[in-house]
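# Structural features, examined
Residue-level listing of the chains:
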Amino acid sequence: MSNKTGDEAVDRSTAKVRDQGRPHGLFRGCMDQIRTSHTIGQSLRSAALAAGLLTDAKCYAELLGQFYMVTAALESRMEELLHNSGSSDCNLDSQALVAKVKSLGYSFKVDYER
């Protein structure tokens, strides 16, 4: 069952974040590509966070642990692609895209590890 008001709030929030990027820039392009899956993910995250915060501290800790694992895997894979340009699973387009994303300076893994 869908919560229309909640879904609309997530859509507005996602659009607000997307619009912080430069027109025709990498961030906006990425957000446009993942709009549907990002919106679904944000809704699931919000519901899981609310459930964890309101019901069970261990549930919340598990959720944060899962976000850490995904973030760490993504950032590690990006580093591999940047440093293994000769590997068969890394083409120049992938490497250029990863380099562009890394140049934005985002790194969240270290924040989870504090």
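Report follows, based on the coordinates. (Residues numbered from 1 in each chain as written. Predicted model: local features only at pLDDT ≥ 70, side-chain atom pairs only at ≥ 80, totals over all residues. Heavy atoms only, no water.)

Tallying secondary structure elements over the protein chain gives six helices and zero strands in all. In sequence order, the protein chain lays out its α and β elements as α-α-α-α-α-α. The 114 residues of the protein chain split such that 17% are buried. In the protein chain, 43% of the contacts between residues at least 6 apart in sequence involve partners at least 24 apart. Carbon and sulfur atoms make up 58% of the accessible area of the protein chain, which amounts to about 8600 Å² in all. (Helix = DSSP H or I, 4+ residues; strand = E, 2+ residues; numbered from the N terminus. Buried < 20%, exposed > 50% of the residue type's maximum accessible area, 1.4 Å probe, protein only. Contact = heavy atoms within 4.5 Å. Areas by Shrake-Rupley, 256 points an atom, 1.4 Å probe, with all protein chains shown as cover.)

So, about unusual backbone geometry. Trans peptide bonds make up most of the peptide bonds, and negative phi angles are found at most residues other than glycine. The residue H24 is not glycine, and still its phi comes out positive at about 65°. Among the secondary structure elements, H24 is positioned in the loop between α1 (4–18) and α2 (26–33). The exposure class assigned to H24 is exposed, which follows from its relative accessible area of 84%.

The description of an aromatic ring pair uses the distance of the two centres, along with the angle that the planes make with each other. A complete count under the given rule lists two aromatic pairs for this structure. Between Y106 and F108 the ring centres are 5.9 Å apart and the planes differ by 15°, which places this aromatic pair in the stacked class. (Phe/Tyr/Trp six-rings, centres within 6.5 Å; stacked < 30°, edge-to-face > 60°.)

Before going further, it helps to examine the pattern of salt bridges. A pair can form between side chains of opposite charge whenever their charged atoms are brought close. One pass over the structure, following the stated rule, counts five salt bridges. Put simply, R18 and D32 hold a salt bridge, and the shortest N to O gap is 2.7 Å. In this pair, R18 is assigned in helix α1 and D32 in helix α2, connecting sequence segments 14 residues apart. With relative accessibility at 35%, the residue D32 sits in the partly exposed group. As a salt-bridge pair, D111 and R114 come within 2.9 Å of each other at their nearest N and O atoms. Assessed through its relative accessible area of 41%, D111 is described here as partly exposed. Judged by its relative accessible area of 77%, R114 falls in the exposed class. Here the residues in one salt-bridge network are R18, D19 and D32, joined through shared partners. (Salt bridge = Lys/Arg side-chain N within 4 Å of Asp/Glu carboxyl O.)

One turn of the α-helix equals 3.6 residues, which is why residues spaced by three or four share an orientation. The terminal C-alpha atoms of helix α4 (residues 57–83), which comprises 27 residues, lie 39 Å apart, in line with the 39 Å expected from a rise of 1.5 Å per residue. Here α4 has its buried residues at L63, T71, A72, E75, M78 and L81. (Expected span 1.5 Å × (residues − 1).)

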